[in-house]
Amino acid sequence: MRFLIAPLLASLPTLCAGQTTAPPPASCLVPEKEVATTADQKQIAQLYAAIAPVLDTVFRGLGTSPDNMPNICLTDHSGSSLGEYFGAAHTVVLHRDIPTSLKQGILLHELRHADQFRRGFCPSNDISMEANARAVAAMEADASAISLLAAWELSGKGNPQIWEALLSWPMQSDIAARFAQEMKASGNTTTAVTMAFAQWYDLELRWHSYYVASCSDFLDRQDESHLLPSYNALPQSFLNDLCVMSDGTPYPCDDTNRRARSR
């Protein structure tokens, strides 16, 4: 998934795309497996160290299983993209020229996409274009909700900068505010994540951006692979399997707002 400046925060569903313009090796690092020697690698190591205390929140078992660690790269030639996860290459690419705290927040978000990919979630042409758009939106809503949970946890551990960066970012600010409102009201992280997931659908610009982008990506895949159109619906179990907390238990996620917007 990609974070774009458009001019706010949006994304395109390229979770399973191959990486076509990889940054040079000196700009990439697999934390815990490689030693940082270049300036970019040292910056990546610092980004990783800052989010390490909450790795299990976004990607279960990543901190204790270095073999599952994605390659993390910095680039300044990714167009309007702030961050992106390439499933085929198991690589997270972050734009070099954005504030450090925002890079860390985007890294949390993209690591959640890496976790989704590991668990088998990926944009697909085996379902209808409408169902694919629904799946992409749900993956984005989940990545936003869970990465906000991780940022909130880091704030509680004495590092509030990442939370503040996401709270101030226009296309995430309403989700972060809804999460914080629920945490202050109930202190229940599962409920707060559920509310954040639902809030993702409340901003028309966000929903429309993802819907158009996912449909465009769907048609591109269809053209490139000469696939016949599919009219299959999204499986009923999709949301239940997608939406899980760090201990593996599901949180109640509902995309009713999406269905209301589609009518």
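From a predicted model like this one, the values you see are computed outputs, not experimental measurements.

## Let's talk about the overall build of the chain
Each helix and strand counted, the chain has 10 helices and 6 strands in total. Per-residue burial over the chain gives 51% buried out of 263 residues. Within the chain, contacts between residues at least 6 apart in sequence are counted, and of these 69% link residues at least 24 apart. For the chain, the exposed area adds up to about 11,200 Å²; of that, 53% sits on carbon and sulfur atoms.

## Quick notes on the packing of aromatic side chains
In this structure the tally under the stated criterion is 9 aromatic pairs. On the basis of an interplanar angle of 85° and a centroid distance of 5.2 Å, the ring pair of phenylalanine 121 and phenylalanine 238 is categorised as edge-to-face. Of this pair, phenylalanine 121 sits in the loop between helix 3 (100-118) and helix 4 (129-156) while phenylalanine 238 sits in helix 9 (residues 238-242); the two residues are 117 residues apart in sequence, bridging distant segments of the chain. Ring geometry for tryptophan 152 against phenylalanine 179: centres 5.6 Å apart, planes inclined by 65°, an arrangement best described as edge-to-face. One end of the pair, tryptophan 152, is in helix 4; the other, phenylalanine 179, is in helix 6 (residues 170-186), and 27 residues separate them in sequence. Each residue in the set Phe197, Trp200, Tyr201, Trp207 and Tyr251 is aromatic and connected to the rest through ring pairs, giving one cluster.

## Quick look at the state of the cysteines
A full pass over the atoms with the stated rule returns 2 disulfides. In this model cysteine 28 forms its disulfide with cysteine 73; the gap between the sulfur atoms is 2.1 Å. Every disulfide takes its handedness from the sign of the S-S torsion; for cysteine 28 and cysteine 73 that torsion is 110°, giving right-handed. Pair noted here: cysteine 28 is in strand 3 (residues 28-29) and cysteine 73 is in strand 4 (residues 71-75), with a separation of 45 residues, a long-range link. Bridging cysteine 243 to cysteine 253, the disulfide has an S-S length of 2.2 Å. Judged by the torsion about the S-S bond (95°), the cysteine 243/cysteine 253 disulfide is right-handed.

## A closer look at unusual backbone geometry
For glutamate 32, which is not glycine, the phi dihedral falls at a positive 75°. Look at histidine 90: it is not a glycine, yet its phi comes out positive at around 50°. Structurally, histidine 90 can be placed in the loop between strand 5 (81-86) and strand 6 (91-95). For histidine 90, a relative accessible area of 23% puts it in the partly exposed group.

Conventions used here
Residues numbered from 1 in each chain as written. Predicted model: local features only at pLDDT ≥ 70, side-chain atom pairs only at ≥ 80, totals over all residues. Heavy atoms only, no water. Helix = DSSP H or I, 4+ residues; strand = E, 2+ residues; numbered from the N terminus. Buried < 20%, exposed > 50% of the residue type's maximum accessible area, 1.4 Å probe, protein only. Contact = heavy atoms within 4.5 Å. Areas by Shrake-Rupley, 256 points an atom, 1.4 Å probe, with all protein chains shown as cover. Phe/Tyr/Trp six-rings, centres within 6.5 Å; stacked < 30°, edge-to-face > 60°. Disulfide = S-S within 2.5 Å.

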